[in-house]
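Spelled out, the chains give:
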Amino acid sequence: MSGKNDEERIVLSESGQTGQVGYDDDDGGCGSCIGGLIWVLSMILICCTFPFSLFVTVKQVQEYQRAVIFRLGRVKRGGAVGPGLFFIIPCMDTIQVVDLRTVSFDVPPQEILTKDSVTVAVDAVVYYKINNPLSAICNVTNAAQSTRLLAATSLRNTLGTKTLQDILADREDIAKNILGTLDAATDPWGIRVERVEVKDVRLPQQLQRAMAAEAEATRQARAKVIEAEGEQKASRALKEASDIISSSPAALQLRYLQTLSSIAAERNSTIVFPLPIELLGNLMPKQPQASRM
């Protein structure tokens, strides 16, 4: 059985991007003969040990998995197989199973110097999945570890160009920038980054105290302004009320009666009722004027 008719390879361009998949035509006559000999011996061994050989020749992968089969070191024709059962030749084939489910991981807290020279510790969470099993196996040694390292580096590089105010206020835009950078970098590895979220921004204790003092001073200043505005409105209302009461003597008497009613409602045993000075003056007898010398 000729090797070049059963295997396929991934051709990479000079830029590192995944190119077309084609047949390997570089296999010489010696490789074809040795491959055919191994295949014949393997089939004889499988037939001699049947049905026990089914335990090593028949493999199964789950619905969320794919298996990449290498026959004599080259990717087998058809690419990744699965889900379900498939047949392999133990002496010739090796398999690597790839999980296609979404994977999440935490980016460790990164000490970052912002654009305005403030040191902060920022961590994030990344969600990604493998959409090309062949590229994930053939183009990178450890796709998961490489994605973790790249996520940490991208987080440091992106936040290093932002000020502290931008980091605290524009987390969504920062997450989108990191997502675009990661997705573009992991595309040759067959990985699609689905989501990036900035979890927490830790500030130094001294900076936290300074920001808390600044916020408290701002609140106190705002409270004083609000109190002054209230006093101004209250004094204006009192002035208008005094103008209205002074324009009518009966209004002042009604105000006295209203005050008396309010005091009586509190169940007090002693009630102090003010009397107008003009009324007391009318009740007092008039003294005769002293004769002038």
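For the structure, check the block above.
Residues numbered from 1 in each chain as written. Predicted model: local features only at pLDDT ≥ 70, side-chain atom pairs only at ≥ 80, totals over all residues. Heavy atoms only, no water.

Novice: Break down helix H6 (residues 171-186) for me, with residues and values.
Specialist: Look at H6: 22 Å from first C-alpha to last across 16 residues, which is about the 22 Å you get at 1.5 Å a residue. Among the residues making up H6, those that are buried are Ile174, Ala175, Ile178, Leu182 and Thr186. Along the axis of H6, the buried residues cluster in a sector spanning 100 degrees; they form a single face. Facing away from the buried side of H6 by more than 90 degrees, the exposed set consists of Glu172, Lys176 and Ala184. The inward-facing, buried residues of H6 contact strand S9 (119-130), helix H4 (143-159), helix H5 (164-169) and strand S10 (191-202). (Helix = DSSP H or I, 4+ residues; strand = E, 2+ residues; numbered from the N terminus. Expected span 1.5 Å × (residues − 1). Buried < 20%, exposed > 50% of the residue type's maximum accessible area, 1.4 Å probe, protein only. Arc of directions from axis to C-beta. Contact = heavy atoms within 4.5 Å.)

Novice: Outline a negative patch on the surface, listing residues and values.
Specialist: Together, Asp116, Asp166, Asp170, Glu172 and Asp173 make up a negatively charged patch on the protein surface. Positionally, Asp173 belongs in helix H6. (Patch = residues over 30% accessible without salt bridge, like charges linked within 9 Å, V, L, I, M, F, W, Y side chains within 5 Å. Areas by Shrake-Rupley, 256 points an atom, 1.4 Å probe, with all protein chains shown as cover. Salt bridge = Lys/Arg side-chain N within 4 Å of Asp/Glu carboxyl O. Lys, Arg positive; Asp, Glu negative; His and termini not counted. Charge placed at Lys NZ, Arg CZ, Asp CG, Glu CD.)

Novice: Can you tell me about the packing of aromatic side chains, naming the residues and giving the values?
Specialist: Across all of its chains, the model carries one aromatic pair by this definition. Consider the rings of Phe105 and Tyr128, whose centres lie 5.9 Å apart with planes at 65 degrees: the pair is edge-to-face. On the criterion of sequence distance, the pair formed by Phe105 in strand S8 (residues 103-113) and Tyr128 in strand S9 is long-range, its members being 23 residues apart. Given the relative accessible area of 5%, Phe105 is considered buried. For Tyr128, a relative accessible area of 5% translates into the label buried. (Phe/Tyr/Trp six-rings, centres within 6.5 Å; stacked < 30°, edge-to-face > 60°.)

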